[in-house]
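Descriptive structure summary
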Amino acid sequence: MSPIGSINPLFSAGAPALNKIDAPLPKLPGLHLGGTAAPTTPDGFGRMLDGLVATVDAKQSEAKGLTQRVLLGDSDQLHQSVIAMQEASVSFSLMVEVRNKLIESYQELMRMQV
Amino acid sequence: MNLISGIDITASALAAQKTRLDIVAQNIANAQTTRTASGGPYQRQVVSFETELIRSQGSAGGALQSVRVAQVSTDRSPGQQVYNPQHPDATADGLVTMPNVNLSQEMVDLITASRTYEANLSVAKNARMMATRTLEIGK
């Protein structure tokens, strides 16, 4: 299984914009070679990343909702909105950190002498 | 899941201090109000706080306590009597009962609330900084 194959679910899960970029890929016949991990049913690490993206997305939409309520005047809990934004920011950084580690280990494997 | 630890407690403390600030604002704004819906001059409002259990912490063992506003009570002390016969709320003797709001006391309350708010804000800032610094382990 190629490590990049497990990244595919990451992009198809959380970000709709990236989903469109990802969409034409299955039409190319040459790209189905190492596809033991199908994008619809990610296994192991892919599923973990999937959950991570979903959590970060939920936190960001929560922060967005709170900020919107403050801006519309429905709520005066300004600090709740800012704290939610900070939490979303930290969880996004955590997700990026996990992704960086994944890419790093992949590149380490590619550099391996055979 | 809560990524930044203790941020819920800080958030509730911020909300409580904000309520206190609102009440101080109400007291100062009504420092000269001699007529209210319930009749008589405005009575000073006082905020009191109480602890609130938010959740049981698995690692720490004990439950964490946050803060919330227990009640907003009314200060029943009598207001100052001022001789002002032209005032529409004056009695037959020409005396007007003013609200029992003491401006210097309210200013002290205002400063206390504002400084407590600041202290809680720096807790939030530090908690976030700790989380960010932890993420820098991998770099």
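Keep in mind that what you see is a predicted model, and the values were worked out from it rather than measured. (Residues numbered from 1 in each chain as written. Chains lettered and ligands numbered in written order. Predicted model: local features only at pLDDT ≥ 70, side-chain atom pairs only at ≥ 80, totals over all residues. Heavy atoms only, no water.)

To continue, consider the overall build of chain A. Tallying secondary structure elements over chain A gives four helices and zero strands in all. Mapped in sequence order, the helices and strands of chain A form the string α-α-α-α. Considering chain A as a whole, with its 114 residues, one finds that 25% of them fall into the buried category. Of the roughly 7,600 Å² of accessible surface on chain A, 64% is carried by carbon and sulfur atoms. (Helix = DSSP H or I, 4+ residues; strand = E, 2+ residues; numbered from the N terminus. Buried < 20%, exposed > 50% of the residue type's maximum accessible area, 1.4 Å probe, protein only. Areas by Shrake-Rupley, 256 points an atom, 1.4 Å probe, with all protein chains shown as cover.)

In this section: the environment of Pro88(B). Along the chain, Pro88(B) turns up in the loop between strand 3 (81-83) and strand 4 (95-97). Sequence separation of Pro88(B) and Thr34(B) is 54 residues, and the distance between their C-alpha atoms is 9.5 Å.

Our next topic: the pattern of salt bridges. The final tally for this structure, using the stated rule, is 12 salt bridges over all chains. Two residues, Arg111(A) and Glu108(A), come together in a salt bridge whose shortest N-O distance is 3.1 Å. The class for Arg111(A) is exposed, based on a relative accessible area of 56%. Note on Glu108(A): relative accessible area 48%, which makes it partly exposed. When the shortest N-O distance is used, the salt bridge between Glu136(B) and Arg133(B) registers 4.0 Å. Residue classification places Glu136(B) among the partly exposed positions, given a relative accessible area of 39%. Three or more residues are tied together by salt bridges with common partners; here these are Arg44(B), Asp75(B), Glu106(B) and Asp109(B). (Salt bridge = Lys/Arg side-chain N within 4 Å of Asp/Glu carboxyl O.)

For the rest of this paragraph, the subject is the interface of chain B and chain A. Opposite the 16 residues of chain B that make contact, chain A presents 16 residues. Carbon and sulfur atoms supply 68% of the area that chain B and chain A bury against each other, a total of about 1,400 Å² over both sides. Linking Asp76(A) and Lys18(B) is a salt bridge whose minimum nitrogen-to-oxygen distance equals 3.6 Å. Counting across the chain B and chain A interface gives three residue pairs in polar contact (both at pLDDT 80 or more). Every element with two or more residues in the side of chain B that touches chain A is listed here: helix 1 (7-29) and helix 2 (103-135) of chain B. A per-element tally of the side of chain B that touches chain A places helix 1 of chain B first, with six residues. (Contact = heavy atoms within 4.5 Å. Buried area = accessible area lost by both parts, 1.4 Å probe. Polar contact = N/O pair within 3.5 Å; in protein donor to acceptor, adjacent residues only side chain to side chain.)

The subject of this paragraph is the side chain of Asn120(B). Residue and element names in this part refer to chain B. For Asn120, the position within the fold is in helix 2. Accessibility expressed as a relative area gives 16% for Asn120, which makes it buried. Other than its neighbours up to four places away in sequence, Asn120 contacts Thr10, Ala13, Leu14 and Gln17.

It is at 9 Å that the axes of helix 4 (residues 78-110) of chain A and helix 2 of chain B come closest, and there the two elements cross at 10°. In terms of axis orientation, helix 4 of chain A runs roughly parallel to helix 2 of chain B. Where helix 4 of chain A approaches helix 2 of chain B, its residues His79(A), Gln86(A), Ser89(A), Val90(A), Ser93(A), Leu94(A) and Glu97(A) are matched on the opposing element by Tyr117(B), Arg128(B), Ala131(B) and Leu135(B). The class makeup of the residues in the contact of helix 4 of chain A with helix 2 of chain B is five nonpolar, four polar and two charged. (Axes fitted to C-alpha atoms, helices over the stretch in contact; angles between N-to-C directions. Parallel < 35°, antiparallel > 145°, perpendicular 65-115°, else oblique. Nonpolar A, V, L, I, M, F, W, Y, C, P; charged D, E, K, R; others polar.)

Residue and element names in this part refer to chain A. If you check helix 3 (residues 45-72), its first and last C-alpha atoms are 40 Å apart, about what 28 residues at 1.5 Å a residue would give, namely 40 Å. Here helix 3 has its buried residues at Gly46, Leu49, Leu52, Val53, Val56, Lys59, Ala63 and Val70. Positive phi appears at Gly73, one or two residues downstream of helix 3, with a value of about 85°. (Expected span 1.5 Å × (residues − 1).)

What follows covers helix 2 of chain B. Over its 33 residues, helix 2 of chain B extends 48 Å from the first C-alpha to the last, a length consistent with the 48 Å expected when each residue adds 1.5 Å. Buried-residue contacts for helix 2 of chain B involve helix 4 of chain A together with helix 1 of chain B.

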